[in-house]
Amino acid sequence: MTSPRVNLLDFDADQMAAYVAGLNEKPFRAKQLMQWIHQRGVSDINDMSDLAKSFRATLLDKAQVLSLPVIKDEHAADGTRKWLLDVGAGNAVESVFIPEDDRGTLCISSQAGCAVNCRFCSTGHQGFSRNLTAGEIIGQLWFAEHLLRTDPNAVRRIEKYPTPGWEHTGRVISNVVLMGMGEPLLNYDNVVTALRLMLDDRAYGLSRRRVTVSTSGVVPMIDRLAQDCPVALAVSLHAPNDKLRDQLVPLNQKYPLRELLAACERYLPFAPRDFLTFEYCMLDGVNDSDIQAKELVRLLANIKCKINLIPFNPFPESGLKRSPAQRVHAFASILLDAGMVATVRKTRGDDIAAACGQLAGDVVDRTRVRERAVHDKQINLDQDDDVDSLDDEEIEQEYQPEHSVQWLKRLDD
């Protein structure tokens, strides 16, 4: 029986070197392969002209460069572009390119679906099927980078606004964020392989400062990432206390705020920037009161950070609404007056459902998300009245959850 061909997109530099050595080829062949695949975007082994014919013949028999088929390609009015990519067995994931004057950012997915099931995220409401392979993760960058080099609008943008400090190479994507479908740190090994390719000068050569992993708070993996491949870290916070975060981000029941913030402090010395980013989705009447803003100031007082306030992008299943602009401004003002660094994220691509929290793709759900009680748990929208009745000392006390969600316990065991 013939063995399936390996996907060369699955290998970082060390893995490629080991693979080439296993074929009894010289080490420099690994570097050549990396450059052909990642820098030149060549998928046909026959076109890798400086490889020996015998080596090409071996590769054709044993290996391939397998990208993700495109199901849909959508363009937003603001220039944002979204792709729906087929990952097989009825699953599809989404990637988004966001052009700015000074950068081109690609938002990529790490899982088909997501098991964390944050209340405000449409991906979680689709459930979870499987982790993406390293090749499927880096394949989103491989596909987008080389496709966009043929896009006149993308090329004109980088010619008009060249990325500072870059030698002009025609490259379009300067930043990558793992903020698409899935929880990256629950697919740790494959994500780290993809990160190493993003940073490798033989592949994409991105700066650690320009690659961001977003996590809902998988504490042990935050510590591992600090040692294995520290890049910019964004933590999905969304609540200033455990009681509310338990409802919005169920993973908090396994790793409550005290443990999460301690992990963040441990990560800071390894971070490529001297701060971390905390993401806070603004939900009308849920987490956007003045009291909660002051509580957030106290929570993050000892961590050097930036708080990114994200206008909620509604979808029917959530039952939630976006905070009014005036309320977002008032919330931000309290943070700024307290000396915090706070920004309000600009919504991009919402006309093609490409904005934050809207990515859904197609998922064959193995977790039966709609049958889990946590999905149906209602947020007490009157909690602000309860908070208003507490004094500062009571607000600062740590809330200890009474119950845990059993399916979450197995996610990273």
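Rules behind the numbers
Residues numbered from 1 in each chain as written. Predicted model: local features only at pLDDT ≥ 70, side-chain atom pairs only at ≥ 80, totals over all residues. Heavy atoms only, no water. Helix = DSSP H or I, 4+ residues; strand = E, 2+ residues; numbered from the N terminus. Buried < 20%, exposed > 50% of the residue type's maximum accessible area, 1.4 Å probe, protein only. Contact = heavy atoms within 4.5 Å. Areas by Shrake-Rupley, 256 points an atom, 1.4 Å probe, with all protein chains shown as cover. Polar contact = N/O pair within 3.5 Å; in protein donor to acceptor, adjacent residues only side chain to side chain. Phe/Tyr/Trp six-rings, centres within 6.5 Å; stacked < 30°, edge-to-face > 60°. Expected span 1.5 Å × (residues − 1). Arc of directions from axis to C-beta.

### Some words on the overall build of the chain
So, point 1. When its secondary structure is counted, the chain shows 16 helices and 14 strands.
So, point 2. Buried positions account for 54% of the 413 residues belonging to the chain.
So, point 3. Once local pairs closer than 6 in sequence are excluded, the contacts in the chain between residues at least 24 apart make up 69%.
So, point 4. For the chain, the accessible surface area stands at approximately 18,300 Å², while carbon and sulfur atoms represent 48% of it.

### Points about the side chain of Asp246
So, point 1. Note on placement: Asp246 falls in helix H9 (residues 242–248).
So, point 2. Here Asn252 takes part through its side chain, which lies 2.8 Å from a polar atom of the side chain of Asp246.

### As for the environment of Arg345
So, point 1. With respect to the helices, strands and loops of the structure, Arg345 is situated in the loop between strand E14 (341–344) and helix H13 (373–376).
So, point 2. Assessed through its relative accessible area of 22%, Arg345 is described here as partly exposed.
So, point 3. When the C-alpha atoms of Arg345 and Ile310 are compared, they prove to be 5.2 Å apart, with 35 residues separating the residues in sequence.
So, point 4. Side-chain polar atoms of Arg345 contact the side chain of Glu279, separated by 3.2 Å.

### What to know about the packing of aromatic side chains
The geometry of two aromatic rings is summed up by the distance between their centres and the angle between their planes.
So, point 1. Under the counting rule described, the total for this entry stands at 4 aromatic pairs.
So, point 2. Considering the side-chain rings of Phe11 and Tyr19, the 5.2 Å spacing of their centres and the 35° angle between planes classify their relative orientation as tilted. Note on accessibility: Phe11 and Tyr19 belong to one class, buried.
So, point 3. The interplanar angle of 85° and the centroid separation of 5.4 Å between the aromatic rings of Trp83 and Phe143 together place this pair among those described as edge-to-face. Of this pair, Trp83 sits in strand E4 (residues 81–88) while Phe143 sits in helix H5 (residues 134–148), placing them 60 residues apart in sequence.
So, point 4. In this structure Phe143 comes out as buried when scored by relative accessible area, which is 14%.

### As for helix H2 (residues 28–39)
So, point 1. For H2, with 12 residues, the first-to-last C-alpha span of 16 Å sits near the 16 Å given by 1.5 Å per residue.
So, point 2. Within the span of H2, buried status applies to Arg29, Ala30, Gln32, Leu33, Met34, Trp36, Ile37 and His38.
So, point 3. Contacts from the buried residues of H2 go to helix H1 (13–22), helix H3 (53–62), H5 and helix H7 (188–199).
So, point 4. Phi turns positive one or two residues past the end of H2, at Gly41, with a value near 75°.

### Examining H1
So, point 1. For H1, every residue scored as buried is listed here: Ala13, Met16, Tyr19 and Val20. Seen end-on, H1 carries its buried residues on one side only, within an arc spanning 125°. Those residues of H1 that are exposed and aimed more than 90 degrees away from the buried face are Asp14, Ala18 and Gly22.
So, point 2. In the core, the buried residues of H1 are packed alongside strand E1 (6–7), H2, H3 and strand E2 (63–64).
So, point 3. Capping the start of H1 is the job of one residue whose side-chain oxygen sits 3.2 Å from the backbone nitrogen of Asp14: Asp12.

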